[in-house]
There are 2 protein chains.
Amino acid sequence: MSGIAKTPQPPYYAVIFSNQRTEGDNGYGKMADKMVELASQQQGFLGVESARDEGLGITVSYWDSLDAIKVWKVNSEHKIAQDKGISKWYKNFSLRVCKVERDKYFEM
Amino acid sequence: MSGIAKTPQPPYYAVIFSNQRTEGDNGYGKMADKMVELASQQQGFLGVESARDEGLGITVSYWDSLDAIKVWKVNSEHKIAQDKGISKWYKNFSLRVCKVERDKYFEM
């Protein structure tokens, strides 16, 4: 799960999900794992990168089209809504949908 | 420094920098702080978000144009080269330049 996503040649799409958590787990870890599993089964999913420290969590998922993101959005919102109120987990969050125009990968 | 960036209405640009660190600090913390300070003084800088855990670090910087990113790239590469070989700090990293097409911010 952790590591740098091996994405194809651009262009492709990224969803940057930045968030600040509430205190305590409240089932968050389980939900987060499930979401990644679910996302990776979606058509058009290219990979995911995730990091969290005490200040902030950032999850970037990569997709081959805006349509794939749209399908995932409907699915994930539905799941989140089913599982637990989103306000239980997050103090605040932002979602940014981006077109990746250029990329570079370096291995030392 | 940690927190969700308050960016303007899209479109704007994002640079997603994902990386895996080598062991030990080796002056990394100081350099990273300096880079953020330097970036935030650049024309066209809109904000930065950063998270790191044991698996991965993700830093997303936001810019008002591709030109601003280009200027920062030259500056930051120069600084990094001056300060210390990049292979001292990173096992590997990726850089992705993206156009942010849509965003949403939620505060609970």
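Residues numbered from 1 in each chain as written. Chains lettered and ligands numbered in written order. Predicted model: local features only at pLDDT ≥ 70, side-chain atom pairs only at ≥ 80, totals over all residues. Heavy atoms only, no water.

(A) Broad picture of the pairing of strand 4 (residues 90–107) of chain A. Summarising the sheet, strand 1 (residues 12–21) of chain A and strand 4 of chain A pair through ten bridges and their orientation is antiparallel. Along strand 4 of chain A, the bridge assignment pairs Y12 of chain A with V100 of chain A. With 15 bridges connecting them, strand 4 of chain A and strand 4 (residues 90–107) of chain B associate as antiparallel partners. Directly across from V100 of chain A, in strand 4 of chain B, lies its bridge partner C98 of chain B. (Pairing = 2+ DSSP bridges. Helix = DSSP H or I, 4+ residues; strand = E, 2+ residues; numbered from the N terminus.)

(B) Geometry of the pattern of salt bridges. Enumeration over the complete set of coordinates arrives at four salt bridges over all chains. We note a salt bridge from E49 of chain A to R96 of chain B, for which the minimum N-O separation is 3.1 Å. You can see E49 of chain A sitting in strand 2 (residues 45–52) and its partner R96 of chain B sitting in strand 4, one on each of two chains. With relative accessibility at 0%, the residue E49 of chain A sits in the buried group. Across the pair K70 of chain A and D67 of chain A runs a salt bridge, and its minimum N-O distance is 4.0 Å. (Salt bridge = Lys/Arg side-chain N within 4 Å of Asp/Glu carboxyl O. Buried < 20%, exposed > 50% of the residue type's maximum accessible area, 1.4 Å probe, protein only.)

(C) Quick peek at unusual backbone geometry. Residue and element names in this part refer to chain A. Residue P11 is bonded to the preceding P10 through a cis peptide linkage, with omega at 5°. As for its position among the elements, P11 is in the segment before strand 1. Here N26, not a glycine, exhibits a phi torsion of approximately 50°, which is positive. Within the fold, N26 resides in the loop between strand 1 and helix 1 (28–40). Judged by relative accessible area, which is 37%, N26 ranks as partly exposed.

(D) Representation of the environment of Q42 of chain A in the model. Residues and elements named next belong to chain A. With respect to the helices and strands, the residue Q42 is situated in the loop between helix 1 and strand 2. The spacing of Q42 and A68 is 26 residues in sequence and 7.6 Å in space, taken between C-alpha atoms. Non-local contacts of Q42, meaning those with residues more than four positions away in its chain, are made with W63, V71, W72 and N75. (Contact = heavy atoms within 4.5 Å.)

(E) How the structure looks around the interface of chain A and chain B. Opposite the 46 residues of chain A that make contact, chain B presents 46 residues. In this assembly, chain A packs against chain B so that about 3,800 Å² is buried in total across both faces, 58% of it on carbon and sulfur atoms. Of all residues in chain A, the largest losses of buried area upon contact with chain B belong to R96, R102 and M108 of chain A, amounting jointly to 17% of the total for that side. Counting across the interface, chain A meets chain B through two salt bridges. For the interface between chain A and chain B, the tally reads 23 residue pairs in polar contact (both at pLDDT 80 or more). Every element with two or more residues in the side of chain A that touches chain B is listed here: strand 1, strand 2, strand 3 (57–63), helix 2 (66–83) and strand 4 of chain A. Here the element with the most residues in the side of chain A that touches chain B is strand 4 of chain A; it accounts for 18 residues. Taken together, the residues of the side of chain A that touches chain B sort by class into 22 nonpolar, twelve polar and twelve charged. (Buried area = accessible area lost by both parts, 1.4 Å probe. Polar contact = N/O pair within 3.5 Å; in protein donor to acceptor, adjacent residues only side chain to side chain. Nonpolar A, V, L, I, M, F, W, Y, C, P; charged D, E, K, R; others polar.)

(F) A look at the relation of the copies chain A and chain B. It takes a turn of 180° to lay chain A on chain B, together with a shift of 0.0 Å along the axis; the resulting RMSD is 0.0 Å. Classification of the inter-copy transformation places it as that of a two-fold axis. Comparing interface residues between copies, 100% of those in chain A also sit at the interface in chain B, which points to an isologous, same-surface contact. (Least-squares fit on C-alpha atoms with pLDDT ≥ 70 in both.)

Everything listed is a geometric property; what it means functionally is a separate question.
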